[in-house]
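# Observations on the model geometry
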Amino acid sequence: MSSIGPVGFRRFQNDATNAVETLESRRLLSAGVPQAVVDGGYEPVQWQGQQVFAKPGQWVLKLDDVNGRPDRQLNATNELLRGLGQDLKADRHLGEDGLVLLRAPKAMGAEKLTGTLKKLARFSYLEPDFALWSAATVSNDTYASNLWGLHNTGQSGGTPDADIDAPEAWDLARGDGSVVVGVIDSGVDYSHPDLQANVWINRGEIAGNGLDDDGNGYRDDVRGWDFYNNDADPMDDNGHGTHVAGTIAAAGNNGAGVVGVNWNAKVMALKFLGADGTGSLSAAVGAINYATTMSSQYGVNIKLTNNSWSGGGYSSTLYDAIRRSGQTGMLFVAAAGNGGADGVGDNNDSLPTYPAGYELPNVLSVAATDHNDALGSFSNYGSASVDLAAPGVNILSTTPGGGYGYSNGTSMAAPHVSGVAALAWSYAPAASADAVRSAILGGVDAKGSLAGKVATGGRLNADNTLDRLGATMTPPTAPSNLAATAASASQIDLVWSDTSVNETGFRVYRSADGGASYAEIATLGAGATRFSSTGLAAGTTYSYVVAAFNQYGASAASNTATATTVAQASAPTAPSNLSATTLSRTSVRLNWADSSGNEQGFKVERSTDGQRWSQVATVGANVTGYADNSLKRNTTYFFRVRAYNAIGHSGYSDTASTRTAASSLSAGLAGLSPFSDRAIASDDASSSAWQDLLASGRGPISA
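The text that follows walks through the structure, step by step, so that each part is easy to find. (Residues numbered from 1 in each chain as written. Predicted model: local features only at pLDDT ≥ 70, side-chain atom pairs only at ≥ 80, totals over all residues. Heavy atoms only, no water.)

## What to know about the sheet that holds strand 23 (residues 530-533)
Read from one edge to the other, the open sheet built from three strands follows the order 19-20-23, with strand pairing classed as antiparallel. In this open sheet, the two strands that pair with only one neighbour each are strand 19 (480-486) and strand 23. Here the strands of the sheet are splayed against their neighbours by 15° on average, with no regard to which way each runs. Here strand 19 pairs with strand 20 (residues 492-497) via five bridges, running antiparallel. Residue pairing in the sheet places A483 in a bridge with V495 of strand 20. (Pairing = 2+ DSSP bridges. Helix = DSSP H or I, 4+ residues; strand = E, 2+ residues; numbered from the N terminus. Axes fitted to C-alpha atoms, helices over the stretch in contact; angles between N-to-C directions.)

## Describing helix 7 (residues 316-327)
The end-to-end C-alpha separation of helix 7 is 16 Å, in line with the 16 Å expected for twelve residues at 1.5 Å each. Those residues of helix 7 that fall on the buried side of the exposure criterion are S316, T317, L318, D320, A321, I322 and S325. One side-chain oxygen at the N-terminal end of helix 7 lies 3.2 Å from the backbone nitrogen of T317; it belongs to S315. Count one or two residues on from helix 7 and you reach G329, which has phi positive near 90°. (Expected span 1.5 Å × (residues − 1). Buried < 20%, exposed > 50% of the residue type's maximum accessible area, 1.4 Å probe, protein only. Polar contact = N/O pair within 3.5 Å; in protein donor to acceptor, adjacent residues only side chain to side chain.)

## Comments concerning the environment of R122
By secondary structure assignment, the location of R122 is in the loop between helix 3 (110-117) and strand 5 (123-134). Spatially, the C-alpha atoms of R122 and G98 are 9.2 Å apart, while their sequence positions differ by 24 residues. Residue contacts for R122: discarding those within four places in its chain leaves K62, L63, D64, D65, V66 and L80. (Contact = heavy atoms within 4.5 Å.)

## Observations regarding the side chain of Q58
Here Q58 is to be found in strand 2 (residues 50-63). For Q58, the side chain forms a polar contact with the side chain of D129, separated by 2.5 Å. Sequence-distant contacts of Q58, defined by excluding residues within four places in its chain, comprise L101, L102, R103, P128, D129 and S282.

## Observations concerning the packing of helix 5 (residues 240-249) against helix 8 (residues 410-427)
Angle between the axes and distance between the axes are the two parameters that describe a pair of packed helices. Following both chains from N to C, one finds helix 5 and helix 8 inclined at 35°, their axes separated by 8 Å at the closest point. Considering the relative orientation of helix 5 and helix 8, their crossing is right-handed. Contacts between helix 5 and helix 8 pair H240, H243, V244, T247 and I248 from the former with S411, M412, P415, H416, S418 and G419 from the latter. Tallied by class, residues from the contact of helix 5 with helix 8 come to four nonpolar, seven polar and no charged. (Left-handed = near helix turned anticlockwise from the far one by under 90°. Nonpolar A, V, L, I, M, F, W, Y, C, P; charged D, E, K, R; others polar.)

## So, the sheet that holds strand 30 (residues 614-620)
Pairing between the strands of a sheet is mediated by backbone hydrogen bonds and can be parallel or antiparallel. Spatially, the four strands line up as an open sheet ordered 30-29-32-33, and their pairing is antiparallel. The sheet is open, and its two borders are formed by strand 30 and strand 33 (656-659), each paired with just one other strand. Taking the axes of each pair of neighbouring strands and ignoring which way they run, one obtains an average angle of 25° across the sheet. Pairing of strand 29 (residues 601-607) with strand 30, which is carried by six bridges, proceeds in the antiparallel orientation. Each bridged residue has a counterpart across the sheet, and for E605 the counterpart in strand 30 is Q615.

## Details of the nonpolar core
Counting residues in each nonpolar core, the largest one holds 62 residues, and the members touching the most others are L388, V417, W425, V436 and I440. By residue number, the principal contributor to this core is helix 8, which donates ten residues. The residues touching I440, leaving out its near neighbours within four places in the chain, are L364, L388, V417, V420, A421, L460 and T465. Listed in part, the 61 residues of the second largest apolar core include L63, F123, L281 and V363. (Core = buried A, V, L, I, M, F, W, Y, C linked by side-chain atoms within 4.5 Å.)

Following this line, the structure appears as structure tokens:
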């Protein structure tokens, strides 16, 4: 677990009320500061209620809404700074949008500088360029190879099996060369016989041509970058980084020297500490951001960084850089620190050591143990702020110039954890950072000596880590409760229950032959629980199953779900049996048979010559009659009707005709006109009723 940040800290905001804020009183750092920090030109300053060491006139500045290529950001920032007229210059871009190393007059204090910069609308925050330093104690003399931390047989006088069970883990995995570890330190002796095969090479860069071939902002960064000297040669001139790198990834089974926890991991050399073991905040942040960029934008499989260093106070710049690395899926393994000048470890819960103390989910804080599983006398600890312990006393590893040597410190413990994390990712390439972190913390060997000293109460165990990770390396369980519902004539909607916790995604299968054969129709991401199957045939029955999958295989199929698409809609059929009956000089009654079951209504058309038609009315569905009351007297009219719906119109009905009455006397009788399509037989004209009408003169005027 990581500790909480300092009480009362907050970033500078772009308003006049947020000047430099103070914190509760904390110890002065000068007692534990290496002499090399002072010799390196760093001076003590008061910052956020703490005494820290920083380079005079050197600051880390963050501006909002500045983006684009690093060189253009630098130019844009300097344009803004020139407008302030205070001899301010952005000297170097630090790998994140708007983040630069700022040079200011040495006599310009924090309060004045902050007040000046707040005139910029884009100002976010400012921090001193803190001094940082390695977390290792002084190295011992070189002895014969004796890697008790990996496999303890009591060979150094310690307790057998007080180790990380590396040989047992190697039965499962030794590393396949796919995982890259960023060693943020004093550099790496990349020519060391035990390291040279495992040094990361930037395949996007052409060595020595002086060009930025891959466009990442760094020229000739073939093996990484030297952020201390700002050049492309991260060679180790201190020894600390080479020792760390050997514990992580010294070549295995090569018949010489030592072996790393991961025999084949690739080491990205990110130098930010100088020959004296000190470096700056800006250089450290640049190194972290480089690793993040290479992971997120250039496809480098860098899964974690090892950070065996500490110093300075709480830094929002550093916090943000570590947080961003975590957002790309990287772990940040950090040494818990080696105590103060008295050589006795400190409680990080009450006196946080950074960067190990940042409360971020990707940070793993590591204490050191000896060959008896006791906490190292120098090691910092913390039941809330330090996650676990690992071997860190009398650790043999590689040294510059092809040599080997022993060192003590949490600096030596952290790379054991980094090596196990790299081993875990080579064993389970698709594992998340959370999964690897959980396997490491859950797989520790619990030790009474560590109870109340670290959050897990235990020491790293590589074999247990892989076993725990392996428990997740199984195909997922099958989804359940699959249901299918027809949404339209061409779509069926599926829903199901996700019963697995380790799927990579789901595959959807469809059958149109009653389940005799299935075809895959879709691949969905993890956590999906619904899908719409489209482009289907109307009125057709389909069957579906869904299966989950991950890198280890596929689940069994879900239950089968079946649905039938809606029948295809069509235009209605034409009405029939149309009749027209004269009611008066101006009114005719129409009747017809509804021959369709899907109409929205009917449209009535009228003509006086049977050739030219006009629509005179629209009536609703299921209506079978209409009275046309706007006619002229003694006029023959023709009528026809058709049904309609959203798809279209039916054909026309048969045609019916009738003649309106000539006068009111013939009203009600004109329906007997021979022009009517009423069903009157031809011999009706000889009936007595018809003859009576003719004799009375009340019959039709013309036949």
